[in-house]
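Now for the letters of each chain:
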Amino acid sequence: MSTLKIDKKKRFLSSRLNEWKVLLGIFLGCLSFLIGSFPETTWGDPFTSNKSVVVGTKVTISPTQLASGAALDFSNSDISVVPRNVRLSSNDGSTTIEKLNDPKNAFYQAGNRNGNNAPDYYYDTIQPIIGRRCTVCHGCENSPCSLKLVSYKGLERGGTQIQNRTNLAIHGYEAIRLKDGPLLASDSVWKDAWQKDRPADQRFNPVAPDSALNGADASQSLIYNYLLAGNKTNKPGFDRTAVRKLEQERYDGGATVCSANLSEYKRWITDNPNGGMPFGCPGLKRLSEGGYAAGELDIIEAWIKKGAPGPSDEAFLKREHPSNLSEIERWEEYLNQPTNKQKLVSRFLYEHLFRAHIHFYDDSGEFYMLLRASNPPGDFPVRELVTNAPNDCPTGDSATATFYYRFDKITDLITAKDHIVWEVKEKTFDRINHLFEKEAPTWDVKTLPGYDSLNPFIYFQQIPPSIRYKFLLDNMRYFMENLVKSPVCNGSKATFAMDDYVWAWAIRPEADPTAQDSGQAAFGPTQWALVNDGYLVNTNYVSGIDRLVNHNSQYLNEVEKRQRILRPDGLLVNDIWDGSCLFDPETQSDDKNPNAWISALRHETNGTVVCGAEAGYPIAVYLFNFTNLERAYFSLSFNFHEWGTLQHKLLTWRDFMHVRLEASDRFISLFDPKMRVALRGDWSSGMVGQMGVKLYADHSLGTSDVPGVRPGDSSLNVDDKAAPRQAFLSALDQIVERRFSDWALPTSEINEPTKPQSFPTQVNTQGDVEACMKMVTQRMGFYNSRIPSVAYIRIQPQGWVYTLVAHRRYASHNFVSDIIWARKGQGKSDYCSIYRGILGDYPNLFFDIPMNQALNFFGGLLKVNNDTDWVAFRKKFMVPKNQDIFWSTVDWYNAWQAVNNPIYGGIFDIREYDNWEIPPESKD
């Protein structure tokens with residue numbers, strides 16, 4: 001665990017005594033962090049007076065002072081001098097001073113996570129409370145009522161009665177991306193566009209008072225009334241029974257109606273008295289109530305009564321401006337070069353980084369998005385040319401009009417679910433420049449493609465496929481994150497389109513017929529027209545299915561023909577890319593590129609991608625080639641419209657089913673042909689799964705168009721009489737040994753299939769705790785079908801963090817169905833793994849385990865044999881959602897992630913906490 005870093009240069013001490021006080025406070029604060037015990041605090045007002053106070057000193061403050069936002073008088077204290085960037089934190093009526101840019105508070109900083117921002121009342125005082133208590137549910141693309149509270153413009157836009165835009169809607173909606181919002185808070189035309197000018201059933205409704213009315217309508221605002229209701233009824237210990245049904249409906253996409261105005265709210269809250277906000281959680285508290293986070297309601301109430309003012313334009317513009325302008329200027333100069341070749345490269349990079357949160361190596365506190373803008377580099381703020389789809393012409397009908405590629409700094413709070421990171425490291429610029437300018441073969445662009453075609457294999461055809469493939473491989477973690485974290489992957493209907501836990505590998509460009517630039521194995525224009533089905537998903541469902549199936553079958557035939565030409569003896573284990581340098585050794589700083597081995601975990605709403613295999617053995621392996629990986633990205637991320645129609649979503653699901661099956665079949669083709677059907681069947685078992693296996697042929701075993709069987713790798717020594725799972729694991733061990741043995745990877749001892757004979761007799765060390773964990777991972781047992789998808793375990797008092805992940809098996813990946821049908825007969829094949837640190841972004845349960853209870857916890861888990869056992873076990877160890885400890889735990893985990901995972905971490909979403917259980921599987 002990282003040590004908390006304190007910037008001592010900003011400490012101003014008035015006396016020797018105060019110096020020792022501060023040093024002692026720092027030592028105790030670090031010790032508190034290291035043992036996992038963050039202070040129970042509530043953020044209050046920033047100091048606006050010239051006086052300063054020593055960090056860590058307690059003072060007394062009244063609720064009136066706390067809520068006033070005025071400068072605080074410390075004339076009666078012995079405190080004289082301290083830094084400006086501080087906030088108040090309340091503990092049982094007293095108030096402690098803490099640093100504003102403390103690393104554990106980084107997720108609530110707008111613009112720069114390191115706190116290098118201009119002081120502002122909204123950003124410094126209000127937004128952190130909204131981030132902790134509101135963004136944790138209203139932060140992602142599928143926020144309840146589409147109320148997205150990652151920024152002030154989301155609060156201004158309000159909510160809509162469209163309960164969840166990622167639900168299956170027959171007709172779809174207009175695009176409702178929050179980033180289409182204003183550059184400045186004063187842009188009232190933007191607000192009218194949302195609240196007046198949209199179709200009646202898609203309009204947004206105000207939730208906050210209108211600041212222009214100087215707070216006159218504060219008591220009439222939805223946010224105020226919902227927060228008061230939460231404070232009134234959802235006191236710590238409240239009965240959750242009344243809201244469980246609503247929570248379940250929300251998860252299932254039920255018809256929960258969002259209130260559009262105060263009269264609708266009054267009717268709804270009468271029927272649902274525990275429906276205040278934060279929904280299903282303890283309400284915000286006044287300072288006089290004491291306990292954890294007391295005083296938050298006082299502060300928010302005072303702010304609302306002032307009209308809920310937002311940040312000043314000055315503060316907003318300061319946060320919009322890059323800290324390291326020279327690096328941004330270098331990239332923007334490169335992307336906006338006037339040659340046809342550079343214009344096509346820039347379009348390629350833009351379309352492949354469309355959802356990326358771009359992080360530059362020399363500034364850990366800032367993230368950017370690459371977009372198309374009307375104003376040139378150097379002009380701020382960046383003015384995006386907003387289009388419905390990212391591959392629409394940015395300048396309307398004129399494809400030749402001028403626009404610019406710009407890096408727009410993210411000033412919204414960042415949530416973990418949609419935080420898809422592309423890291424710009426020290427040599428990334430040189431690698432990109434070399435790849436497109438110097439890498440063989442030489443190429444040029446005579447005529448730029450327009451925006452008529454929706455098939456990227458056609459409009460990027462002038463860029464050699466080997467070069468495009470090397471870019472994908474060099475950034476494979478990023479592209480896999482797009483597959484598991486893009487808006488398409490949400491909820492049980494999407495989960496089993498992809499296995500819960502897979503390893504993603506890729507074949508070397510030399511072994512890939514679709515990445516060849518010339519010769520018999522290369523694709524031609526006719527074949528490229530078949531490759532991307534994703535552009536067909538906005539059509540009639542019946543005709544769309546017909547074209548998807550026919551195109552995919554023709555495409556697979558073409559790939560199979562060319563694969564046999566290029567590798568007549570079959571694909572070999574040595575054809576798997578092992579991370580060796582793809583291009584330009586001078587700019588590849590690592591000996592082995594970690595993108596060659598990806599672990600992708602996709603569990604309901606949770607999605608995580610890591611390099612290597614620390615989480616243990618997967619359910620399946622996807623072995624990609626160029627067209628396969630590119631199809632996956634364009635189908636599941638780039639071309640997906642979360643506000644689209646039912647047929648768009650169903651066709652997207654169907655398209656990815658073809659993509660997934662191609663990748664898994666490619667891996668299975670390494671095996672002896674006699675074993676392939678059994679392996680395929682094991683990954684899609686049961687009657688439903690077998691139906692899908694028979695409908696979609698494994699082309700390596702031959703078709704009417706490509707007869708004969710492609711050989712497997714005879715050097716893969718697998719017993720063809722072994723059970724499919726054992727044969728699969730045996731092959732994995734051999735492949736890892738041959739292709740990745742020299743990698744410096746995290747170990748996965750907790751998830752080794754070979755188990756200790758028994759639990760340790762006592763637990764005194766972290767090794768003893770992990771020995772207990774080894775007894776429950778990678779083994780069968782009833783508990784595997786009852787533990788939630790993702791649960792966090794905190795060993796106390798040390799604060800050691802682990803993630804318990806349930807790996808589900810599904811009867812089929814080939815048909816859209818509910819979870820019970822998809823799980824039919826599969827419980828016996830479930831297992832779990834435990835990962836050091838944090839996986840996922842929607843925690844389903846928190847388990848707080850004293851170290852001296854580790855034996856009882858893991859031993860008790862093994863003994864869960866029925867639903868009654870599971871309910872009793874869960875109740876004994878889980879953190880309850882209706883108690884103060886729930887909020888302190890959520891804050892603790894967000895703080896832990898901010899310190900330990902500052903680049904890839906974001907605010908967790910707690911909507912699905914203790915809301916959903918795997919239902920008992922149906923009988924075969």
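Okay, so let's go over this structure.

The rules we used
In this convention, every chain numbers its residues from 1, walking through the sequence in written order. Residues qualify for local features only when their pLDDT is at least 70, as the model is predicted, and side-chain atom pairs are given and counted only at 80 or more; totals for whole chains, interfaces and linings, by contrast, use all residues. To obtain the side-chain values, all non-hydrogen atoms of the structure were used and water was disregarded. The way it works is that DSSP assigns letters per residue, a run of H or I at least four long becomes a helix, a run of E at least two long becomes a strand, and they are numbered from the N terminus. Only protein chains enter the accessibility calculation, which uses a 1.4 Å probe; a residue is then buried when its area is under 20% of its type maximum, exposed when over 50%, and partly exposed in between. Every residue pair with non-hydrogen atoms within 4.5 Å of one another is taken to be in contact. Note on areas: Shrake-Rupley with a 1.4 Å probe; residue coverage comes only from the protein chains shown. At least two bridges found by DSSP between two strands are what make those strands a pair. In this analysis, axes come from line fits to C-alpha atoms, helices being fitted only over the stretch in contact, and the angle between any two N-to-C directions falls in the range 0 to 180 degrees. In this description, the term disulfide denotes a pair of cysteine sulfurs within 2.5 Å. Counted as salt bridges are all cases of a side-chain nitrogen of Lys or Arg within 4 Å of a carboxyl oxygen of Asp or Glu. As used in this structure description, the phrase polar contact means that two N or O atoms lie within 3.5 Å; if the pair is within protein, one of them must be able to donate a hydrogen and the other to accept it, and residues adjacent in sequence are counted only when both atoms belong to side chains. Each Phe, Tyr or Trp ring (for Trp, its six-membered ring) is paired with any other whose centre lies within 6.5 Å, and the angle between the two planes then decides the class: stacked below 30 degrees, edge-to-face above 60, tilted in between. Working rule: Lys NZ or Arg CZ, within 6 Å of ring centre, within 35 degrees of ring normal, means a charge sits over the ring. Each angle is binned into one of four classes, with values under 35 degrees roughly parallel, values over 145 roughly antiparallel, values of 65 to 115 roughly perpendicular, and all other values oblique. Take the far helix as your reference; a near helix turned counterclockwise from it by less than a right angle gives a left-handed crossing, and one turned clockwise gives a right-handed crossing. Three classes are used: nonpolar for Ala, Val, Leu, Ile, Met, Phe, Trp, Tyr, Cys and Pro, charged for Asp, Glu, Lys and Arg, and polar for all others, with Gly counted as polar. Definition used in this section: a nonpolar core is a set of buried Ala, Val, Leu, Ile, Met, Phe, Trp, Tyr and Cys residues joined via side-chain atoms within 4.5 Å.

**A look at the overall build of the protein**
Piece 1. When its secondary structure is counted, the protein shows 29 helices and 17 strands.
Piece 2. Counting all 924 residues of the protein, 62% fall into the buried class.
Piece 3. Taking all contacts inside the protein whose residues are at least 6 apart in sequence as the whole, residues at least 24 apart take part in 77%.
Piece 4. With an accessible surface of roughly 34,200 Å², the protein has 53% of that area assigned to carbon and sulfur atoms.

**Points about the sheet that holds strand β16 (residues 831–836)**
Piece 1. Read across the sheet, 4 strands follow the order β16-β15-β14-β17 without closing on themselves; strand pairing throughout is mixed. Each edge of the open sheet carries a strand with a single partner, namely β16 and β17 (845–850). Here the strands of the sheet are splayed against their neighbours by 25 degrees on average, with no regard to which way each runs.
Piece 2. With 6 bridges connecting them, strand β14 (residues 790–796) and strand β15 (residues 800–807) associate as antiparallel partners. Bridge pairing in β15 links R794 to V801.
Piece 3. The strands touched by helix α25 (residues 766–774) are β14, β15 and β16; relative to β15, the strand with the most contacts, the crossing angle is about 10 degrees.

**Quick word on the state of the cysteines**
A disulfide bridge is the covalent bond that connects two cysteines by way of their sulfur atoms.
Piece 1. With the rule as written, the count across this model stands at 1 disulfide.
Piece 2. This cysteine, C134, is not joined by any disulfide, and C137 carries the nearest cysteine sulfur, 8.8 Å off.

**Notes on the pattern of salt bridges**
Piece 1. Applying the stated rule across the entire model yields 40 salt bridges.
Piece 2. The shortest N-O distance in the salt bridge between E301 and R286 comes to 2.8 Å. Here E301, found in helix α9 (residues 296–305), pairs with R286, found in the loop between α8 (262–271) and α9; they are 15 residues apart in sequence, far enough to count as distant.
Piece 3. Note on E301: relative accessible area 14%, which makes it buried.
Piece 4. Between R508 and E510 there is a salt bridge; the shortest N-O distance is 3.4 Å.
Piece 5. One network of salt bridges, with partners in common, ties together R240, R244, R874 and D914.

**Remarks on the sheet that holds strand β10 (residues 501–506)**
Piece 1. Strand order in the open sheet formed by 4 strands is β12-β11-β10-β13, with mixed pairing between adjacent strands. The open sheet is flanked by β12 (606–611) and β13 (620–624), the only strands paired with a single partner. The average undirected angle you get between the axes of adjacent strands in this sheet is 25 degrees.
Piece 2. As paired elements, β10 and β13 share 5 bridges and run parallel to each other. Residue pairing in the sheet places V502 in a bridge with A620 of β13.

**What to know about the side chain of R666**
Piece 1. Along the chain, R666 turns up in helix α21 (residues 646–668).
Piece 2. R666 gets classed as buried once you look at its relative accessible area, which sits at 8%.

**Comments concerning the side chain of H807**
Piece 1. Within the fold, H807 resides in strand β15.
Piece 2. Taking relative accessible area as the criterion, H807 reaches 0% and is therefore assigned buried.
Piece 3. At 2.7 Å, the side chain of H807 and the side chain of S833 are in polar contact.

**Some points on the environment of H359**
Piece 1. Along the chain, the position of H359 falls in strand β6 (residues 357–360).
Piece 2. With a relative accessible area of 3%, H359 lands in the buried category.
Piece 3. Taking the C-alpha atoms as reference, H359 lies 5.0 Å from E423; in sequence the two are 64 residues apart.
Piece 4. Those residues within four positions of H359 in sequence are excluded, and the remaining contacts are S364, E366, F367, V421, W422, E423, V424 and I903.

**So, the pairing of β6**
Piece 1. Burial along β6 is two-sided: H357 and H359 facing one way and I358 and F360 facing the other are all buried.
Piece 2. When β6 meets strand β9 (residues 421–424), the two strands line up parallel, connected through 4 bridges. Looking at the pairing, I358 lines up with W422 of β9.

**Focus on the packing of aromatic side chains**
Piece 1. Enumeration according to the criterion identifies 59 aromatic pairs in this entry.
Piece 2. Taking 5.2 Å as the distance between ring centres and 75 degrees as the angle between the ring planes, the aromatic pair formed by Y122 and Y152 counts as edge-to-face. Of the two residues, Y122 sits in helix α3 (residues 121–133) while Y152 sits in helix α4 (residues 152–157), which places them 30 residues apart along the sequence. In terms of burial, Y122 and Y152 fall into one category: buried.
Piece 3. Seen in terms of ring centroids, F667 and F671 are 5.7 Å apart; in terms of plane orientation they differ by 70 degrees. Their pairing is edge-to-face. Across this residue pair, the class does not change: F667 and F671 are buried.
Piece 4. Note that R406 overlies the ring of F380, its terminal NZ or CZ placed 5.3 Å from the centroid.

**What to know about the packing of helix α20 (residues 626–638) against α21**
Piece 1. Interhelical geometry of α20 versus α21 gives an angle of 155 degrees and a closest axis separation of 10 Å. Taken as axis vectors, α20 and α21 run roughly antiparallel relative to one another. With respect to the hand of their crossing, α20 and α21 are arranged in left-handed fashion. Between α20 and α21, the contacting residues are N628, R631, A632, S635 and L636 on the first element and T652, D655, F656, H658, V659, E662, A663 and R666 on the second.
Piece 2. Looking at side-chain class alone, the contact of α20 with α21 contains 5 nonpolar, 4 polar and 4 charged residues.

**Some thoughts on the nonpolar core**
Piece 1. In terms of nonpolar packing, the biggest core is built from 114 residues, with F436, M480, W505, F624 and F667 touching the most fellow members.
Piece 2. The greatest single-element share of this core, amounting to 7 residues, is contributed by α20.
Piece 3. When sequence neighbours within four positions are dropped, the list of residues in contact with F667 reads W505, V621, L623, W683, F728, L732 and I735.
Piece 4. L178, Y292, I787 and L804 belong to the second largest nonpolar core, which has 62 residues in total.

**A few points about the environment of N865**
Piece 1. Within the secondary structure, N865 is located in the loop between α27 (854–862) and α28 (867–877).
Piece 2. Residue class for N865 comes out exposed when judged on its relative accessible area of 54%.
Piece 3. Along the primary structure N865 and R786 are separated by 79 residues, whereas in three dimensions their C-alpha atoms are 9.7 Å apart.

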